[in-house]
Structure formats: structure tokens, C-alpha cells
Amino acid sequence: MGAKKLYAMYADGTKVGEYSSREIAGLLKIRQEIVSNYSDTGLLYKGRFLFDTVCEGVGKTRKEPLLKEWDEVRLRILTVGR
């Protein structure tokens, strides 16, 4: 089984959900390569849909949001105490 990428799909600026390229291709009736290409370039598909890579590979998660949250909590604890 190969690595599975997940993409966040936005329609008109609103997040629809997180899906694989196969799932998005099925929903929009497009080829899977389109999802990957538009995600890499950051362009809007048909002027409406945006695809953003969320997770690359099975078992991996995007760490940036967790790191940001950790930093906010850490600073709050240092500032006001427990």
C-alpha cells in the first residue's frame, strides 16, 4: 500500500472537508492528477475550489497546528501560571 495524501478542499473560501485525491476526483468528476497539480500551485480550480495538502503518508499528521497550539499554551502557562 502506497503513501496516502490527504487534501483539505475549500469551496468559495469555506472548508468542505479533508479527502484523498481519489475522493475529491469522484466528488468533482475530475482526474486525480488535477487535485495534486492544483494543490502544488495553490491556484483555484474553476475559480472556486482550492486544494491544500494536509497530510502526506499513512500515519503522519500535519504538525504545524499542534506546534502552534503547544506554543500558545506554553506561553499562557509561563505568563499566568497553572
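## Description of the pairing of strand 1 (residues 5-11)
Then step 1. Pairing of strand 1 with strand 2 (residues 14-19) involves five bridges; the strand directions are antiparallel. Of the residues in strand 2, the one forming a bridge with M9 is G17.
Then step 2. Connecting strand 1 to the antiparallel partner strand 2 that follows it, the hairpin turn spans two residues, and D12 within it adopts a positive phi of roughly 55°.

## Remarks on the pattern of salt bridges
Then step 1. Taken as a whole and assessed by the stated rule, the structure comprises three salt bridges.
Then step 2. A salt bridge links E18 to K15, with the shortest nitrogen-to-oxygen separation between them at 2.9 Å.
Then step 3. The class of K15 is partly exposed, set by a relative accessible area of 43%.
Then step 4. For E33, the salt bridge goes to R31, with nearest N and O atoms at 3.3 Å.

## Topic: the nonpolar core
Then step 1. Counting eleven residues, the largest nonpolar core is built from Y7, M9, A11, I24, A25, I30, I34, V35, Y45, F49 and F51.
Then step 2. Listed by contribution, the elements that provide at least two residues to this core are strand 1, helix 1 (21-28), helix 2 (32-41) and strand 3 (49-56).
Then step 3. A per-element tally of this core places strand 1 first, with three residues.
Then step 4. Dropping the residues within four chain positions of it, A25 is found in contact with I30, R31, Q32 and V35.

## Overview of the packing of aromatic side chains
Then step 1. Counted under the stated rule, the structure contains two aromatic pairs.
Then step 2. Each ring, one from Y38 and one from Y45, has its centre 5.3 Å from the other, and the planes form 85°; the classification is edge-to-face.
Then step 3. For Y38, a relative accessible area of 26% translates into the label partly exposed.
Then step 4. On the basis of relative accessible area, Y45 is assigned to the buried category, the value being 11%.
Then step 5. Aromatic side chains Y45 and F51 sit 6.4 Å apart centroid to centroid with 35° between the ring planes, which places their arrangement in the tilted category.
Then step 6. Of the residues examined, F51 reaches a relative accessible area of 1% and is grouped as buried.
Then step 7. By way of ring pairs, the aromatic residues Y38, Y45 and F51 are connected into one cluster.

Definitions and cut-offs
- Residues numbered from 1 in each chain as written.
- Predicted model: local features only at pLDDT ≥ 70, side-chain atom pairs only at ≥ 80, totals over all residues.
- Heavy atoms only, no water.
- Pairing = 2+ DSSP bridges.
- Helix = DSSP H or I, 4+ residues; strand = E, 2+ residues; numbered from the N terminus.
- Salt bridge = Lys/Arg side-chain N within 4 Å of Asp/Glu carboxyl O.
- Buried < 20%, exposed > 50% of the residue type's maximum accessible area, 1.4 Å probe, protein only.
- Core = buried A, V, L, I, M, F, W, Y, C linked by side-chain atoms within 4.5 Å.
- Contact = heavy atoms within 4.5 Å.
- Phe/Tyr/Trp six-rings, centres within 6.5 Å; stacked < 30°, edge-to-face > 60°.

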